[in-house]
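Observations on chain architecture
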Amino acid sequence: MKTILVTGGAGFLGSHLCERLLERGDEILCLDNFFTGSRPNIQHLLSHPRFEVLRHDIVQPIFVEVDQIYNLACPASPVHYQHNPIKTIKTSTVGMVNMLGLAKRTGARVLQASTSEVYGDPDVHPQTEEYWGSVNPIGRRSCYDEGKRVAECLCMDYHRQHGLPIRIARIFNTFGPRMALDDGRVVSNFIVQALRGEDITVYGDGTQTRSFCYVDDLIEGLIRLMDQEETVGPVNLGNPEEITVRELADRVVECAGSQSKIVQKDLPSDDPRQRRPDISRAKEILRWSPKISLEAGLPRTVEYFKRVLSHRWP
Ligand code: NAD
Ligand code: UDP
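Residues numbered from 1 in each chain as written. Chains lettered and ligands numbered in written order. Predicted model: local features only at pLDDT ≥ 70, side-chain atom pairs only at ≥ 80, totals over all residues. Heavy atoms only, no water.

Looking at helix 5 (residues 142-162)
Stated formally: Only DSSP runs of H or I with at least four residues qualify as helices, and only runs of E with at least two residues qualify as strands; both kinds are numbered from the N terminus onward. Expected helix span is given by 1.5 Å per residue-to-residue step, counting one fewer step than there are residues. Note on exposure labels: buried denotes an accessible area under 20% of the residue type's maximum, exposed denotes more than 50%, and partly exposed covers the range between, all computed with a 1.4 Å probe on protein chains only. Contacts are assigned to residue pairs that have any heavy atoms within 4.5 Å of one another.
Along its 21 residues, helix 5 runs 28 Å from first to last C-alpha, staying within 8% of the 30 Å computed at 1.5 Å per residue. The complete set of buried residues in helix 5 reads Ser142, Cys143, Tyr144, Asp145, Glu146, Gly147, Lys148, Ala151, Glu152, Leu154, Cys155 and Tyr158. The secondary structure elements touched by the buried residues of helix 5 are helix 3 (78-83), helix 4 (85-106), strand 5 (109-115) and strand 6 (166-171). Directly beyond the C-terminal end of helix 5, a positive phi value near 70° is found at Gly163.

Right, dumping it as structure tokens:
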């Protein structure tokens, strides 16, 4: 049994990760400041004897004894990370230093939840880990993109300078139950709009692409990356099944059995035109590839949002 710190443990990915690690027999410290995470995400874990919640902000140092640290704390949707951009970049930089400092003191291994956003609006397609990216350093997305790039740099420098065992996962768009209802990400937005019979808001002409990975697959990839000895990373984790945002809108409407109309809204600045992971490295090193298609994952996610909305609707 390991003692594992999961920062951002009450968030979308963090709550699934805590659940899986508990099932495996580990002891979990779930740290969260509850900015975008929520108690309902971890409600079912609260009475577990090996699960403990720490309300804490990683921008402040913390002293605990742990064997592994999954550093997931950081708002992940554009609406949330742009709400307080200075806090976002502090979370990825000061927070990362705090987690690496904790690892240096305890000898813990750190897995950093990085992102496909380090590739920016990519000129290389699909994106391989060798690609250095095309990121606007001063735009609205920079607090997130550049913060995550600095976090990767910090991980590598702690690794080179102090021999710290680190792992870097570059996570591509992931979806599934426990995405926040109001976080503005495309899958949750479209599903909630479809279920409420509201217009589906496609930003721009909808020809931009993304590749969506179901949460269960992603969590499996994170755990495999943490536990292997072959590489520190970075390793892309995502589903290479690429579709346009417009096609996603059609699929969600169909899956939800909705009458919603699709409407166009302005495209946010620096919105990447295309995104698809090259997952050759994950296949080779982790023996990992996604098993759950968008087609299989969407109905499960629609069912989740139906349940959430049925509690909230007047
Ligand atoms: P999320 O917003 O649901 O979870 C983030 C969690 O971190 C929340 O519980 C939030 O309250 C917590 N948090 C934020 N700032 C904090 C701070 N300063 N101190 C302590 N807790 C803090 O997002 P998610 O989708 O679960 O993403 C988890 C991680 O994975 C993030 O680091 C994100 O950048 C990364 N990621 C996610 C995706 C995706 O598609 N979901 C893609 C790429 C990268
Ligand atoms: N998007 C959209 N309508 C929405 C929300 C998002 O068309 O209601 C688009 C957004 O402009 C982007 C894509 O969907 O091109 C994915 O957006 P998301 O915020 O989910 O993630 P990211 O841009 O970080 O990949």
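Focus: helix 8 (residues 245-256)
This is how it is decided: When we speak of the arc, we mean the arc of directions from the helix axis to the C-beta atoms.
If you check helix 8, its first and last C-alpha atoms are 16 Å apart, about what twelve residues at 1.5 Å a residue would give, namely 16 Å. When we look at burial in helix 8, the residues that qualify are Val245, Leu248, Ala249, Val252, Val253 and Ala256. Seen from one end, helix 8 has its buried residues packed into an arc of 135°, which puts them on one side.

Brief notes about the nonpolar core
Proteins that are soluble and globular tend to have nonpolar side chains buried together. Selection criterion: Here, the term nonpolar core denotes a set of buried Ala, Val, Leu, Ile, Met, Phe, Trp, Tyr and Cys residues that are joined through side-chain atoms within 4.5 Å.
Ile28, Tyr70, Leu222 and Leu237 are the most contacted members of the largest nonpolar core, which totals 64 residues. If near-sequence neighbours (up to four positions away) are discounted, Leu237 is found in contact with Ala169, Arg170, Ile171, Phe172, Leu218, Gly221, Leu222, Ala282, Leu286 and Trp288.

So, the site of ligand 1
Quick note on the threshold: Residues are counted as near a molecule or strand when any one of their heavy atoms sits within 4 Å of it. N or O atoms within 3.5 Å of each other form a polar contact, as long as, within protein, one can give a hydrogen and the other can take it, and as long as residues adjacent in sequence are counted only when both atoms are side-chain atoms. Think of it as three bins: nonpolar holds Ala, Val, Leu, Ile, Met, Phe, Trp, Tyr, Cys and Pro, charged holds Asp, Glu, Lys and Arg, and polar takes everything else, Gly as well.
The environment of ligand 1 is formed by 31 residues, the closest being Leu13, Asp32, Thr36, Tyr144 and Lys148. In this structure, an oxygen atom belonging to ligand 1 sits 2.8 Å away from a main-chain N or O atom of Leu13. Between an oxygen atom of ligand 1 and a main-chain N or O atom of Gly37, the distance comes to 2.9 Å. Of all elements in the fold, only helix 1 (12-24), strand 2 (27-32), strand 5 and helix 5 reach the threshold of two or more residues within the shell around ligand 1. It is strand 5 that contributes the most residues to the shell around ligand 1, three residues altogether. For the shell around ligand 1, a count of residues per class yields 16 nonpolar, eleven polar and four charged.

What about the side chain of Asn41?
Inspection of the secondary structure assignment puts Asn41 in helix 2 (residues 39-42). The exposure class of Asn41 is buried, given its relative accessible area of 7%. In this structure, Asn41 is in contact with Ala10, Gly11, Phe12, Ser15, Arg178 and Tyr304, ignoring residues within four places of it in sequence.

Things to note about the packing of helix 1 against helix 7 (residues 215-227)
To be explicit about the condition: Axis lines are fitted to C-alpha atoms, over the contacting stretch for helices. Their N-to-C directions set the angle, which ranges from 0 to 180 degrees. Each crossing gets its handedness from the near helix: less than a right angle anticlockwise from the far helix is left-handed, clockwise is right-handed.
At their nearest, the axes of helix 1 and helix 7 sit 10 Å apart, and the two run at 60° to each other. The two elements helix 1 and helix 7 cross, and the hand of that crossing is right-handed. Touching Phe12, Leu13, His16, Leu17, Arg20, Leu21 and Arg24 of helix 1 are Val215, Asp216, Leu218, Ile219, Glu220, Ile223 and Asp227, all from helix 7. Across the contact of helix 1 with helix 7, the residue classes tally to eight nonpolar, one polar and five charged.

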